[in-house]
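Understanding the architecture of this molecule
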Amino acid sequence: MKGKGGAVMETVRSILDSAVPLVAALAILCHLCWIGIRRGWDRMAGLDRLRQSVVPLKERHQADTEALLDLNCRLEEAKIRLGAAEQRVQQIQRQIEAFDKAPPVFLHVLGKPGSGRRRFRAEVEFDATSARAAGRPVNPAWRYGNRVMVHAPDLSAARREADHAFPQKAGYKVYFHAPVH
């Protein structure tokens, strides 16, 4: 039996000799898998930390985007207001040009403002042809509009004051308007 036992032992030994490296290889493989899984978990934990750190960045990005959209909206509103202001400036410039082209208007103020006195408006004209015929020089201001503002207690007093300053005998004509309040 020794012969058979030796053969069996030889067979067991050859199986063990071939199984031990297999088991060792399997153990090494398991160990390497464990190390890989552990590193993978560590990396996953790192990714989780990175994800955790990215969340505030995403929130900040969203807040910045909303702020940018708000600023763009304000910018558009400001552009609209600027356009309206530019149009108003152009309109005022056209009015200034029209005033520059318009002949001047001279304002003559008679009387002093005070309590119990009202303002009366009038237009005054000068008959330049009769003055020239009489040989008197004519002030160039009478070629343009001349207005009178009289401070007086009533219309008849205003007429008297205007007739005193601009007598009809001297070639003036005074036309009164409604009183100014």
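Presented here is a report on the structure given in the accompanying data block.

This brings us to the overall build of the protein chain. Across its full length, the protein chain holds three helices and four strands. For the protein chain, the sequential pattern of α-helices and β-strands runs α-β-β-α-β-α-β. Burial statistics for the protein chain: of 181 residues in total, 13% are counted as buried. Across the protein chain, the fraction of contacts at a sequence separation of at least 24, relative to all contacts at a separation of at least 6, is 79%. Surface exposure of the protein chain reaches about 14,900 Å², of which carbon and sulfur atoms provide 61%.

For the structure shown, the criterion picks out three aromatic pairs. These aromatic residues form a ring-pair network of at least three members: F126, F166 and Y172.

Below, the discussion takes up the pattern of salt bridges. Counted according to the given criterion, the structure contains four salt bridges. D70 is the salt-bridge partner of R74, the closest N and O atoms lying 3.5 Å from each other. In this pair, R74 and D70 are both assigned in helix α1 (residues 2-101), four residues apart and thus about one turn of the helix distant. With a relative accessible area of 38%, D70 lands in the partly exposed category. Two residues, R147 and E123, come together in a salt bridge whose shortest N-O distance is 3.1 Å. Placement of the pair is R147 in strand β3 (residues 145-152) and E123 in strand β2 (residues 118-126), with a sequence separation of 24 residues.

For the rest of this paragraph, the subject is the nonpolar core. When a protein is soluble and globular, its nonpolar side chains tend to lie buried together. Counting 16 residues, the largest nonpolar core has V148, V150, F166 and F176 as the members making the most contacts within it. Ranked by residues supplied to this core, first place goes to β2 with four residues. Setting aside chain neighbours within four positions, we find F176 in contact with F120, R121, A122, V150, L155, A158, R159 and A162.

With that settled, consider the side chain of N146. Topologically, N146 is positioned in strand β3. On the basis of relative accessibility, which here comes to 2%, the residue N146 falls in the buried class. Setting aside residues up to four positions removed in sequence, N146 forms contacts with F106, H108, A122, E123, V124 and A141.

Turning next to helix α3 (residues 155-165). For α3, the set of buried residues is A157, A158 and A162. Seen end-on, α3 carries its buried residues on one side only, within an arc spanning 135 degrees. Within α3, the exposed residues directed more than 90 degrees away from the buried face are R160 and H164.

Cut-offs used in this document
Residues numbered from 1 in each chain as written. Predicted model: local features only at pLDDT ≥ 70, side-chain atom pairs only at ≥ 80, totals over all residues. Heavy atoms only, no water. Helix = DSSP H or I, 4+ residues; strand = E, 2+ residues; numbered from the N terminus. Buried < 20%, exposed > 50% of the residue type's maximum accessible area, 1.4 Å probe, protein only. Contact = heavy atoms within 4.5 Å. Areas by Shrake-Rupley, 256 points an atom, 1.4 Å probe, with all protein chains shown as cover. Phe/Tyr/Trp six-rings, centres within 6.5 Å; stacked < 30°, edge-to-face > 60°. Salt bridge = Lys/Arg side-chain N within 4 Å of Asp/Glu carboxyl O. Core = buried A, V, L, I, M, F, W, Y, C linked by side-chain atoms within 4.5 Å. Arc of directions from axis to C-beta.

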